[in-house]
Amino acid sequence: MRHLPYFCRGEVVKGYGRGSKELGIPTANFSEQVVESFPSDIPTGIYYGWACVGNGDVHKMVLSIGWNPFYKNIKKSVETHIIHTFKEDFYGEILSIVITGYIRPEKNFDSLDALILAIQEDIEEAKRQLDLPEHLKLKEDNFFHLPEGKIVNNH
């Protein structure tokens, strides 16, 4: 995919509140402006890569770009699930991500349980892929060590 790796940084805003409550899989959401800054021809779907909140540690992540057909969203969203347990919310913090790979297109599901199962499978696939050397090296990218105030997309 020609857009990958894709580097992005932006503020974490409140989403629909479904990730934690309905799915048990919390997500960090970017603002509309950040979502609109993504290349218009980047395919919707599920991706994986690396994420860092503020000046914190870099963690594995899985990310959804699209309209979430199960929920029939009318606005495109970019939602990042960081594969790490945080003690508290981090709304207002700067989230830096590097998208390194693609898992699957977005699709609809017959039930909430089927959606949760698919997300759990996506998380496991992301963990496996991110252990590969070509993805692991991006965890150490200088992008994660830029001054926090410097907001850049695809450095």
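An unreviewed UniProt entry lists the chain under the name Riboflavin kinase, with Taeniopygia guttata as the source organism. The heading Cofactor (unreviewed entry) in the UniProt record of the chain holds the text "Zn(2+)". Check the Pathway (unreviewed entry) section of the UniProt entry for the chain; it says "Cofactor biosynthesis; FMN biosynthesis; FMN from riboflavin (ATP route): step 1/1."

Participant: Would you mind going over the pattern of salt bridges in detail, with residue names and values included?
Facilitator: According to the stated counting rule, one finds five salt bridges in the structure shown. Here Asp 41 and Arg 2 are joined by a salt bridge, their closest N and O atoms 2.2 Å apart. Placement of the pair is Asp 41 in the loop between helix H2 (32–37) and strand S3 (45–53) and Arg 2 in the segment before strand S1 (6–13), with a sequence separation of 39 residues. Among the salt bridges present, the one from Asp 131 reaches Lys 60, with a minimum N-O distance of 2.7 Å. Pair noted here: Asp 131 is in the loop between helix H3 (112–130) and helix H4 (133–136) and Lys 60 is in strand S4 (residues 58–66), with a separation of 71 residues, a long-range link. Classification of Asp 131 as partly exposed rests on a relative accessible area of 48%.

Participant: Tell me about the pairing of S1, and name the residues and values.
Facilitator: Taken across its eight residues, S1 has six buried, putting it largely inside the fold. In terms of strand pairing, S1 meets strand S6 (residues 94–104) through six bridges, oriented antiparallel. Within the sheet, the bridge partner assigned to Cys 8 lies in S6 and is Ile 97. The pairing of S1 with strand S2 (residues 28–30) spans two bridges and is classified as antiparallel. Across the sheet, Val 12 pairs through a bridge with Phe 30, a residue of S2.

Participant: Could you give me a rundown of the sheet that holds S2, with the residues and numbers involved?
Facilitator: Reading around the circumference, S1-S2-S5-S4-S3-S6 is the order of the six strands in this closed barrel, with antiparallel pairing throughout. Strand-to-strand twist of the sheet, defined as the mean angle between neighbouring strand axes without regard to direction, takes the value 45°. Of the strands in this sheet, S3, S4, strand S5 (77–82) and S6 are in contact with H3, which crosses S4 at around 130°.

Participant: Residue-level account of the environment of Glu 106, with values.
Facilitator: Residue placement: Glu 106 occurs in the loop between S6 and H3. Taking the C-alpha atoms as reference points, Glu 106 and Gly 45, 61 residues apart in sequence, are found 4.2 Å from one another. A distance of 3.1 Å separates a polar side-chain atom of Glu 106 from the backbone nitrogen of Trp 67.

Participant: Go over the side chain of His 135, please, and point to the residues and values.
Facilitator: With respect to the helices, strands and loops of the structure, His 135 is situated in helix H4. In this structure His 135 comes out as buried when scored by relative accessible area, which is 9%. In terms of polar contacts, His 135 uses its side chain to reach the side chain of Thr 100, at 3.4 Å. Beyond its immediate chain neighbours, meaning those up to four positions away, His 135 contacts Tyr 48, Trp 50, Thr 100, Gln 129 and Leu 130.

Participant: Before we move on, could you go through the nonpolar core and cite the residues and values that matter?
Facilitator: Ranked by size, the top nonpolar core spans 22 residues in total, and within it Phe 30, Phe 38, Leu 63, Ile 65, Leu 95, Ile 97 and Ile 99 carry the most contacts. Elements with a contribution of two residues or more to this core: S1, S2, H2, S3, S4, S5 and S6. The residues touching Ile 99, leaving out its near neighbours within four places in the chain, are Leu 4, Pro 5, Tyr 6, Phe 38, Tyr 47, Tyr 48, Gly 49, Met 61, Leu 63 and Ile 65. Counting residues in each nonpolar core, the second largest holds 21 residues, with Phe 7, Leu 23, Tyr 48 and Ala 126 among its members.

Rules of the game
- Residues numbered from 1 in each chain as written.
- Predicted model: local features only at pLDDT ≥ 70, side-chain atom pairs only at ≥ 80, totals over all residues.
- Heavy atoms only, no water.
- UniProt positions renumbered as here; feature names shortened; annotations may be inferred.
- Salt bridge = Lys/Arg side-chain N within 4 Å of Asp/Glu carboxyl O.
- Helix = DSSP H or I, 4+ residues; strand = E, 2+ residues; numbered from the N terminus.
- Buried < 20%, exposed > 50% of the residue type's maximum accessible area, 1.4 Å probe, protein only.
- Pairing = 2+ DSSP bridges.
- Axes fitted to C-alpha atoms, helices over the stretch in contact; angles between N-to-C directions.
- Contact = heavy atoms within 4.5 Å.
- Polar contact = N/O pair within 3.5 Å; in protein donor to acceptor, adjacent residues only side chain to side chain.
- Core = buried A, V, L, I, M, F, W, Y, C linked by side-chain atoms within 4.5 Å.

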